[in-house]
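Working through the structure, step by step
Residue-level listing of the chains:
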Amino acid sequence: MLQVYNTLSGKKEEFTPIEEGKVRMYVCGLTVQNYSHVGHIRSVVNYDVIRRYLEYKGYDVYFVQNFTDINEKIVARAREEEMSPSELAEKYTRAYLEDIARMNIKTADAYCTATVNIEQMINIIEQLMERGYAYESEGNVYFSVEKFPDYGKLSGRNIEEMDAGSRVNVKEDKKHPLDFALWKKVKDDDVKVWDSPWGPGWPGWHIECSTMAGKFLGHKIDIHGGGTDLIFPHHENEIAQSEACFGEKPFVKYWLHNGTIDLSGEKMSKSLGNFYTTREVLDKYSADILRYFLITKHYHSPVEFSYEEMDKAEISFKKIRNTRNDVHQITEQIPDKSDSSFEIKSFLNKIDSFEEAFFAAMDDDFNTARALGELHNFTGEINSLINSPDFQITEETRFVLKKAEDKLNTVLEILGFSTGQKKAAASEQEQLNEELISYILDLREQARREENWSLADSIREDLSQRGIKVKDTSHGPTWKIEDDE
RNA sequence: GGCGGCAUAGCCAAGUGGUAAGGCAGGGGACUGCAAAUCCUUUAUCCGGCGGUUCGAAUCCGCCUGCCGCCUCCA
């Protein structure tokens, strides 16, 4: 049974989608004003894993993500880069899509942007005004929080307390300090604005998510995700707008929030200027390692990013990957013998208990940290088995290890790691290459048998120079094309 | 000032009532021509502090201390 922590209730709840077998999922994307940073990518990886897991469990998931492509920041950044806001947004949207492709993120079923949905937003703002939830003031339109009794239910606040403690300068044209903009008047002559019944301007930030979630997923959705820093006011305001306009509640059944990435104890963010972009980290480490680093912690917790910890993650992840590769090498080989006295049947139980433990962890609010711990236990068992002195490759051991390999591939796939096995699509050229490498290694084995270590070592070194890493094992040499790790 | 969260070994990190997963680093072995990898073993009588509830708490309650997030743009 899958349980998820719902910010709305503050508890873990059993996950049951609104419509059986289907999951409608909306995740706040980013303001496309710059390259994505590690904090963004953590969020993306997190919901990628959640989505993959839901799909693995058989749900038909429809996943939508937005881009905020117009606001004051975009305009400011566009000036800096001397281009139009739309050009800037396009540039960084494209960069983002490149980043997530490198990260092996499954693409959303739909991406949406604010600027192509202005009409729908205006429509919703009009409805809110008709229903008395919103008012116009000097060309701006605000949502009136006092008209929405549930305001604060997500973030656990109430209007009176907030009002008392407010330290923010309040715009005088608001009826209540917490009222937020649905439509903003913009008088900048150099910037493209949109016409509206209230004059030229552009939409407030929050309305785009209500509008687009409603448009693509309907008025009630199963999962809405984002960073903890969006709980208030962004998601609180989304609830207010959507429930007030569509009249259905709850707008979102499960609110999921991921923790932020910190640097030296402070939140990594563009406004603080303390961030590492996704691409600069990916220039140093593979996507798998960054992903591993991110999911060894529970997704709610804040995570301190550092290259020291990335180095540890690299070593730790490679253990898992090496085991997967070693097992694969064995299952690909022709058995030495048809049978032997080596006892392996009991290992099937270990495969089963691993499976059980792994999925129990994932069912517990997507506890990837625990799941990875179980994975390490399992790879340890496998290594212990295949490295034991009397291990032999027989039909039987191969059969059992094939099961283990399949299990490993399944969980690595769920967690979104690259599976790396591209054997199926090997071209003729690749096959020829493989045959040549096998041939070279056969010659090297001959040299080794003759204890011609200098020749054997220089062959290994030369191959390594060409990106082919050779490893001598008790079952003979293995090789692989070096990845960028 | 308000709301919320966190505090587990040298580091990272699971664990929400039954007696401390996992990874990194370190110690000791093994395997090995070398390299790479791997295995075994070891490292918290204790979970920020003080009280309380309980047969029993890192886990529940109270107080205290420290750190962080949000309340302004933010994944």
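Residues numbered from 1 in each chain as written. Chains lettered and ligands numbered in written order. Predicted model: local features only at pLDDT ≥ 70, side-chain atom pairs only at ≥ 80, totals over all residues. Heavy atoms only, no water.

Quick look at the domain arrangement of chain A now. The parts lose accessible area when they come together, and the size of an interface is often stated as this lost area. Domain assignment breaks chain A into domain 1 (3-305), domain 2 (319-421) and domain 3 (425-485). The gap between the C-alpha centroids of domain 1 and domain 3 is 51 Å. (Domains from an automatic or database assignment.)

Moving on to the pattern of salt bridges. Inspection of the entire model under this criterion finds 36 salt bridges. Across the pair Glu 81 and Lys 91 runs a salt bridge whose closest N-O atoms are separated by 2.8 Å. Placement of the pair is Glu 81 in the loop between helix H2 (72-80) and helix H3 (85-102) and Lys 91 in helix H3, with a sequence separation of ten residues. For Glu 90, the salt bridge goes to Arg 94, with nearest N and O atoms at 2.7 Å. Highlighted residues: Glu 90 and Arg 94, both in helix H3, separated by four residues, approximately one helical turn. Using a relative accessible area of 47% as the deciding quantity, one classes Glu 90 as partly exposed. Accessibility expressed as a relative area gives 47% for Arg 94, which makes it partly exposed. (Salt bridge = Lys/Arg side-chain N within 4 Å of Asp/Glu carboxyl O. Helix = DSSP H or I, 4+ residues; strand = E, 2+ residues; numbered from the N terminus. Buried < 20%, exposed > 50% of the residue type's maximum accessible area, 1.4 Å probe, protein only.)

With that settled, consider the sheet that holds strand E3 (residues 22-27). Ordered by their spatial adjacency, five strands build an open sheet running E5-E4-E3-E10-E11, and the pairing between neighbours is parallel. The open sheet has two edge strands with one neighbour each: strand E5 (110-113) and strand E11 (252-258). Across the sheet, the axes of successive neighbouring strands diverge by a mean angle of 20°, strand direction being ignored. Where E3 lies against strand E4 (residues 60-67), six bridges are found, and the strand directions are parallel. Across the sheet, residue Val 23 finds its bridge partner in E4, namely Val 61. Each of E4 and E5 is contacted by H3, which is oriented at about 140° to E4, the strand it contacts most. Of the strands in this sheet, E3, E4, E5 and strand E10 (221-227) are in contact with helix H6 (residues 205-217), which crosses E4 at around 150°. (Pairing = 2+ DSSP bridges. Axes fitted to C-alpha atoms, helices over the stretch in contact; angles between N-to-C directions. Contact = heavy atoms within 4.5 Å.)

As a further point, take unusual backbone geometry. Here the amide bond leading from Phe 232 into Pro 233 is cis, since omega sits at 5°, within 30 degrees of zero. In this fold, Pro 233 is placed in helix H7 (residues 231-246). The backbone of Asn 104 shows a phi angle near 60°, a positive value even though the residue is not glycine. When you line up the elements, Asn 104 lands in the loop between H3 and E5.

In this structure, Met 25, Leu 54, Leu 256, Leu 290, Phe 305, Met 310 and Phe 347 are the most contacted members of the largest nonpolar core, which totals 85 residues. By residue number, the principal contributor to this core is helix H1 (residues 38-56), which donates nine residues. Residues from two domains meet in this core; each of domain 1 (3-305) and domain 2 (319-421) gives at least three. Once residues lying within four places of it in the same chain are set aside, the contact partners of Phe 347 are Phe 378, Glu 381, Ile 382, Leu 385, Val 400 and Ala 404. Val 145, Trp 183, Trp 194 and Cys 245 belong to the second-largest nonpolar core, a separate cluster that totals 47 residues. (Core = buried A, V, L, I, M, F, W, Y, C linked by side-chain atoms within 4.5 Å.)

As a further point, take the pairing of strand E6 (residues 134-137). With four bridges connecting them, E6 and strand E7 (residues 140-143) associate as antiparallel partners. For Ala 134, the partnering residue across the bridge sits in E7 and is Phe 143. Connecting E6 to the next strand, E7, in antiparallel fashion are two residues, including Glu 138 with a positive phi near 50°.

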